[in-house]
Amino acid sequence: MRNAFKVAKWEFKRNIKNKSFLIGMFLTPVIFLAFMLIGNLIGDSDREGGNPTHVFVHDALGIFDTLRESAEGHHLNWDMQLTDISETEVTEVLQSREHTVYIFLDRRVIEERVVPVYASEDMDPFFMNQVQVLETPIKTWQMKQLGLSDEQLAVISEELQFTEITAEDLETGDISDEASGLSLSRIVPGAFSGIILLSIVFSGMYIFQSASQEKKDKVAEIILSSLTPDELMQGKILGYFGLGMIQAVVFLGFAIPIAIWQWNVPIMEKLLVPEVILYVFIAILGYLLFAAMFVGVGATMADMSSAGNFQGLVMMLPFLPFVFIGPVISDPSGLFAQIGTYIPFSAPGVLLLRLSMLEQWPWIEIIIALVILIASSWFCMKLAGKIFKTGILMYGKNATPKEIWKWIRA
């Protein structure tokens, strides 16, 4: 294993000093975030200058002034006012108003830990993230009302849900008991782990280039005279994992400050939760699975420019979860979402998306998916080792699937 770490160190240093890698490492997040910001700034320009969000608060708790101070402290473009309208009258009022929200604060804050939020149809999609700034003053009020017994402390520790109800929901009567706005406590860790997964998988794709380049330059024999094929393969996987983590750190270094500044999202507070461990573990399993395929198939190519259909197909497997995005968003507990969870190549992305959307996690499905991922990663490592051992010394042409099958059976 010591030789594998030496290879990993060599691969890491060789690429981290490469100008094209460094430019891509910083340019990729800049371009990605720039497109996001441009779209958001265009949307902001439409909302600014006389188009604030009208927030009417039905305050039965007597904390309106504190709520308004909190919103002003976060520089939100809200026009907050008190109202005595009842919930039964909201439907008719919202039909004739734009950029309008009604928030009802009553005993449900303690008894059900829910704050109903009635919104017009044209609301900013980020409003339900912004409204989370009201959670702190409401929690403070709860603490003043309670005697801080163990039972009451348990109530306070549970996350408060702002339940968004649009005018269309009121007309159809399709109002869920759960919050329709996704909880930041689930979205932020899911997005964080998704960035890690994409970063290390994209970096892992360089394994194709690394293996084929060593074959093309005919240095594989020299390298293998000092270590075994398995050590070389393991070293490449570890080395590019490190490069991927550096890429993820750079991306998050841009993304987190922008999210805090632009959308008033308490990223660090929501990120430092125990669930992040599971999210990151899923991302790492996904990398190991794809890296094993990349390093094995990369050894079967004469060079990157002559990749065949089979090799190209393998390179597309990490993008399989995109096929399930629509069905998973529509129904995170549906049949297609479950199927995507159990397919090894789509499981990492689908799992991260589902866990970010589901209020109650299906632990049996999660455990089964993790077992499948672990077994698949181990199996692919074994197959990749056999393919790499023969393929890295084969020159002149790409291996066919028939030849690869012979190597696996050998």
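Conventions adopted
Residues numbered from 1 in each chain as written. Predicted model: local features only at pLDDT ≥ 70, side-chain atom pairs only at ≥ 80, totals over all residues. Heavy atoms only, no water. Helix = DSSP H or I, 4+ residues; strand = E, 2+ residues; numbered from the N terminus. Buried < 20%, exposed > 50% of the residue type's maximum accessible area, 1.4 Å probe, protein only. Contact = heavy atoms within 4.5 Å. Areas by Shrake-Rupley, 256 points an atom, 1.4 Å probe, with all protein chains shown as cover. Phe/Tyr/Trp six-rings, centres within 6.5 Å; stacked < 30°, edge-to-face > 60°. Axes fitted to C-alpha atoms, helices over the stretch in contact; angles between N-to-C directions. Parallel < 35°, antiparallel > 145°, perpendicular 65-115°, else oblique. Left-handed = near helix turned anticlockwise from the far one by under 90°. Nonpolar A, V, L, I, M, F, W, Y, C, P; charged D, E, K, R; others polar. Arc of directions from axis to C-beta. Pairing = 2+ DSSP bridges. Right-handed = clockwise from strand over helix to strand, strands pointing away. Salt bridge = Lys/Arg side-chain N within 4 Å of Asp/Glu carboxyl O. Patch = residues over 30% accessible without salt bridge, like charges linked within 9 Å, V, L, I, M, F, W, Y side chains within 5 Å. Polar contact = N/O pair within 3.5 Å; in protein donor to acceptor, adjacent residues only side chain to side chain. pLDDT = per-residue confidence, 0-100.

Caption draft 1: Geometry of the overall build of the chain. The helix and strand inventory of the chain stands at 21 helices and 5 strands. Counting across all 410 residues of the chain, residues that qualify as buried make up 48%. Expressed as a percentage of contacts within the chain between residues at least 6 apart in sequence, the contacts between residues at least 24 apart total 76%. Here the chain displays about 20,700 Å² of accessible surface, and carbon together with sulfur accounts for 62% of that area.

Caption draft 2: Local environment of the packing of aromatic side chains. Per the stated rule, a full pass over the model turns up 6 aromatic pairs. Aromatic side chains Phe-56 and Tyr-102 sit 5.0 Å apart centroid to centroid with 15° between the ring planes, which places their arrangement in the stacked category. With Phe-56 in strand β1 (residues 53-59) and Tyr-102 in strand β3 (residues 100-105), the pair connects residues that are 46 residues apart, well separated along the chain. Residues Phe-56 and Tyr-102 agree in their burial class; the two are buried. Through a chain of ring-to-ring contacts, three or more aromatic side chains come together here, namely Tyr-279, Trp-361 and Trp-363.

Caption draft 3: Layout of the packing of helix α19 (residues 347-357) against helix α20 (residues 363-391). Look at α19 against α20: their axes get within 11 Å of each other, and the N-to-C directions meet at 160°. By the criterion of interaxial angle, the relationship of α19 to α20 is roughly antiparallel. Crossing of α19 over α20 shows left-handed handedness. Within the contact between the two elements, α19 uses Ala-347, Pro-348, Leu-351, Arg-354 and Leu-355 and α20 uses Glu-365, Ile-366, Ala-369 and Leu-373. Of the residues belonging to the contact of α19 with α20, the class tally is 7 nonpolar, no polar and 2 charged.

Caption draft 4: Fine view of helix α18 (residues 335-342). Residues Ala-337, Gly-340 and Thr-341 constitute the buried set of α18. When α18 is viewed along its axis, its buried side chains cluster within an angular range of 105° and face the same direction. Relative to its buried face, α18 has exposed residues pointing more than 90 degrees away, namely Leu-335 and Phe-336. Contacts from the buried residues of α18 go to α17 (325-330), α19 and α20.

Caption draft 5: Broad picture of the pairing of β1. Two elements, β1 and strand β2 (residues 78-82), share 5 bridges in a ladder whose sense is parallel. The partner of Val-57 across the bridge, within β2, is Leu-82. Handedness of the β-α-β unit built from β1, helix α3 (residues 64-73) and β2 comes out right-handed. Examined bridge by bridge, β1 and β3 share 6 bridges and lie parallel to one another. Each bridged residue has a counterpart across the sheet, and for Val-57 the counterpart in β3 is Ile-103.

Caption draft 6: Expanded view of the pattern of salt bridges. Per the stated rule, a full pass over the model turns up 4 salt bridges. Among the ionic pairs, Asp-106 bridges to Arg-108, the shortest N-O distance being 2.8 Å. Here Arg-354 ties to Glu-365 by a salt bridge, and the two come within 2.9 Å at their closest N and O atoms. With Arg-354 in helix α19 and Glu-365 in helix α20, the pair connects residues that are 11 residues apart, well separated along the chain. Considered together, Arg-354 and Glu-365 belong to a single accessibility category, that of buried residues. Three or more residues are tied together by salt bridges with common partners; here these are Glu-87, Asp-106 and Arg-108.

Caption draft 7: Fine view of the side chain of Gln-247. Tracing the backbone through its elements, the reader meets Gln-247 in helix α13 (residues 229-263). Residues contacting Gln-247, with those up to four places away along its chain left out, are Gly-24, Met-25, Pro-29, Ser-199 and Ser-203.

Caption draft 8: Spotlight on a nonpolar patch on the surface. On the surface, Ile-23, Phe-26, Leu-27, Val-30, Ile-31, Phe-35 and Phe-254 cluster together to form a nonpolar patch covering roughly 650 Å² of accessible area. Tallying contributions element by element places helix α2 (residues 19-47) first for the nonpolar patch, with 6 residues. Accessibility expressed as a relative area gives 40% for Ile-31, which makes it partly exposed.

Caption draft 9: Seen up close, the environment of Phe-12. By secondary structure assignment, the location of Phe-12 is in helix α1 (residues 2-16). We classify Phe-12 as partly exposed; its relative accessible area is 27%. With sequence-adjacent residues up to four places away left out, Phe-12 is seen in contact with Gly-239, Gly-242, Leu-243 and Ile-246.

Caption draft 10: A look at the side chain of Thr-341. Looking at where Thr-341 falls in the secondary structure, it is placed in helix α18. Polar contacts involving the side chain of Thr-341 include one to the side chain of Arg-354, which spans 2.8 Å. Every residue in contact with Thr-341, bar those within four places of it in the chain, is listed here: Ala-347, Val-350, Leu-351, Arg-354, Glu-365 and Ala-369.

Caption draft 11: Representation of the pairing of strand β4 (residues 114-119) in the model. Across the 6 residues that make up β4, a large majority, 6, are buried. Burial of β4 is two-sided: the residues Val-114, Pro-116 and Tyr-118 facing one way and the residues Val-115, Val-117 and Ala-119 facing the other way are all buried. The sheet contact formed by β3 and β4 spans 3 bridges and is antiparallel. Bridge assignment links Val-101 to a residue of β4, and that residue is Ala-119.

Caption draft 12: Region of the structure containing unusual backbone geometry. Located in the positive-phi region is His-99, a residue other than glycine, with phi close to 50°. Take His-99: it is sitting in the loop between α4 (90-94) and β3.

Caption draft 13: Expanded view of the confidence of the model for the chain. Averaged over the chain, the pLDDT score is 76; the fraction of residues at 70 or greater is 74%. Confidence, expressed as mean pLDDT per element, reaches its minimum in the chain at helix α9 (residues 167-172) with 54 and its maximum at α18 with 90.

Caption draft 14: Summary view of the environment of Asp-122. With respect to the helices and strands, the residue Asp-122 is situated in the loop between β4 and α6 (127-130). In the structure, Asp-122 is positioned 23 residues away from His-99 in sequence and 6.2 Å away in space, judged by C-alpha atoms. Aside from chain neighbours lying at most four places away, what touches Asp-122 is Glu-98 and His-99.

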